[in-house]
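# Coordinate inspection notes
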Amino acid sequence: STWQCAEGYGGRAKKLCRHNATCGLESLLTGCVPLAHCHAPEVDPCRFDVSECLHLRPGRSCMLRCRPPFEGRPMSASCAPGNTDPAGLAWQLPDCQLRSGYDLLPVPSGFTRTSTGWQCAPGFEGSISVSCSPASACRVDTAPAGCSPLLPCAVGEFKDVDDRFGFIAGNLRFGPAHLAGTVVEVQVRDYRIFFVDHCNQTIGEPLEIVAKAAVNHACCKQDAYLVTLLPQRLPPRAEGLMVIVSTSSISSAVGSAVGSAVLLKDEGIVPPVQQSTQPSVAIQAQTAAGAAKLLALLTAMHLGISLSIP
């Protein structure tokens, strides 16, 4: 008769005969061992994901994958139906590569990475510390901390004194830069005023650049700085004015800027529909006279002079 391995066992069954201690013959069955799960291969756990193949039952298959941020086509692995060897997995690793342009160490907002280490970005100040912490995909993140944005301690309300619709003019007052409640102007280069939209995205070039005062401000004086915005047209999407503290000749107002913003309210009156597309000489003269009066009013406001204009 033919012997076979019982269920749950694998191998090749054999019947052997041997002498016992009294020189008699006895039969012995050999060749069958318990079936064994296939173990996953030992690979770089930061590049490859073999979690599907950790304890694979005989007769089953699994997938070897790339672990993010690596990318590549998954490969199949299998454990033979009668496997009795824990290392019996048949496998081939996928070709896992970093995707093009991937930054192994992204730069967080408020910091710059230089050849000598981390520094606070323009418009930010503080004492930098660097910490290491576990991250996904078996990585260790080296993250800087300690840089906070320099912001004006106060920004006054802007009042539009241009009565033309779609134009603004007026004075904007704001206080010196501060950090965590303390006035800090040592590193300040200047203050820049921008139009911004509802997402605090700067629009165009700075409207004005105000140099840092020669005197040291020991506390938050809300009108330490005064800038006069001359009559100008409102750009599309402009919903506010933002004061940005600049600490470097490198502009920090790229994309979503960090600064103190104040809402804009156009006080102009919507003009009636004109039948003629060409303004008359009288209208042109009135417009020029109005602009001259507005400029005189702004100059007087800036100098603190009481002026009566008919």
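Residues numbered from 1 in each chain as written. Predicted model: local features only at pLDDT ≥ 70, side-chain atom pairs only at ≥ 80, totals over all residues. Heavy atoms only, no water.

## Observations regarding the state of the cysteines
Following the criterion strictly, the structure yields 6 disulfides and no others. Linked covalently through their sulfurs, Cys5 and Cys32 form a disulfide whose S-S length is 1.9 Å. Here the S-S torsion is close to -90 degrees, and the disulfide linking Cys5 with Cys32 is therefore left-handed. One end of the pair, Cys5, is in the segment before β1 (9-19); the other, Cys32, is in strand β2 (residues 25-34), and 27 residues separate them in sequence. (Disulfide = S-S within 2.5 Å. Helix = DSSP H or I, 4+ residues; strand = E, 2+ residues; numbered from the N terminus.)

## A few points about the packing of aromatic side chains
A complete count under the given rule lists 4 aromatic pairs for this structure. Seen in terms of ring centroids, Phe111 and Trp118 are 6.5 Å apart; in terms of plane orientation they differ by 85 degrees. Their pairing is edge-to-face. Centre to centre, the rings of Tyr191 and Tyr225 are 4.7 Å apart; their planes meet at 50 degrees, and the pair counts as tilted. On the criterion of sequence distance, the pair formed by Tyr191 in strand β18 (residues 190-196) and Tyr225 in strand β20 (residues 225-233) is long-range, its members being 34 residues apart. Linked through ring pairs, Phe174, Tyr191 and Tyr225 together constitute an aromatic cluster. (Phe/Tyr/Trp six-rings, centres within 6.5 Å; stacked < 30°, edge-to-face > 60°.)

## Some remarks on the sheet that holds strand β4 (residues 48-49)
Taken together, the 3 strands give an open sheet; going across it, the order is β4-β6-β8, and neighbouring strands pair in antiparallel fashion. In this open sheet, the two edge strands, each paired with only one partner strand, are β4 and β8 (75-78). As paired elements, strand β6 (residues 61-66) and β8 share 4 bridges and run antiparallel to each other. Paired with Ser61 across the bridge in β8 is Ser78. (Pairing = 2+ DSSP bridges.)

## Focus on the sheet that holds strand β17 (residues 182-183)
Overall, antiparallel pairing links the 3 strands, which are arranged β14-β16-β17 in an open sheet. Because the sheet does not close on itself, it has two edges, and the strands there are β14 (151-152) and β17. Summarising the sheet, β14 and strand β16 (residues 177-179) pair through 2 bridges and their orientation is antiparallel. Following the sheet pairing, Pro152 is matched in β16 by Ala177.

## Some words on the side chain of Ser260
With respect to the helices and strands, Ser260 occurs in strand β22 (residues 260-263). The class of Ser260 is buried, set by a relative accessible area of 15%. (Buried < 20%, exposed > 50% of the residue type's maximum accessible area, 1.4 Å probe, protein only.)

## Observations concerning the pairing of β2
Alignment of β1 against β2, held across 9 bridges, turns out to be antiparallel. Paired with His19 across the bridge in β2 is Leu25. Linking β1 to β2, which pair antiparallel, is a turn of 5 residues; within it Cys23 sits at a positive phi near 70 degrees.

## Some details on the pattern of salt bridges
One pass over the full model with this rule turns up 6 salt bridges. A salt bridge links Asp190 to Arg192, with the shortest nitrogen-to-oxygen separation between them at 3.0 Å. Asp190 gets classed as buried once you look at its relative accessible area, which sits at 7%. Classification of Arg192 by relative accessible area gives buried; the value is 15%. For the salt bridge of Asp197 with Arg237, the shortest nitrogen-to-oxygen distance reads 3.1 Å. Of the two residues, Asp197 sits in the loop between β18 and β19 (202-211) while Arg237 sits in the loop between β20 and β21 (240-246), which places them 40 residues apart along the sequence. For Asp197, a relative accessible area of 10% gives the class buried. (Salt bridge = Lys/Arg side-chain N within 4 Å of Asp/Glu carboxyl O.)

## A closer look at unusual backbone geometry
Note the cis peptide between Pro68 and Pro69, where omega equals 10 degrees. For Pro69, the position within the fold is in the loop between β6 and β7 (70-71).

## Observations regarding the pairing of strand β10 (residues 111-114)
Direction of pairing for β10 relative to strand β11 (residues 117-120): antiparallel, over a ladder of 4 bridges. When the sheet's bridge partners are listed, Arg113 is paired in β11 with Trp118. The loop that links β10 with its antiparallel partner β11 comprises 2 residues.

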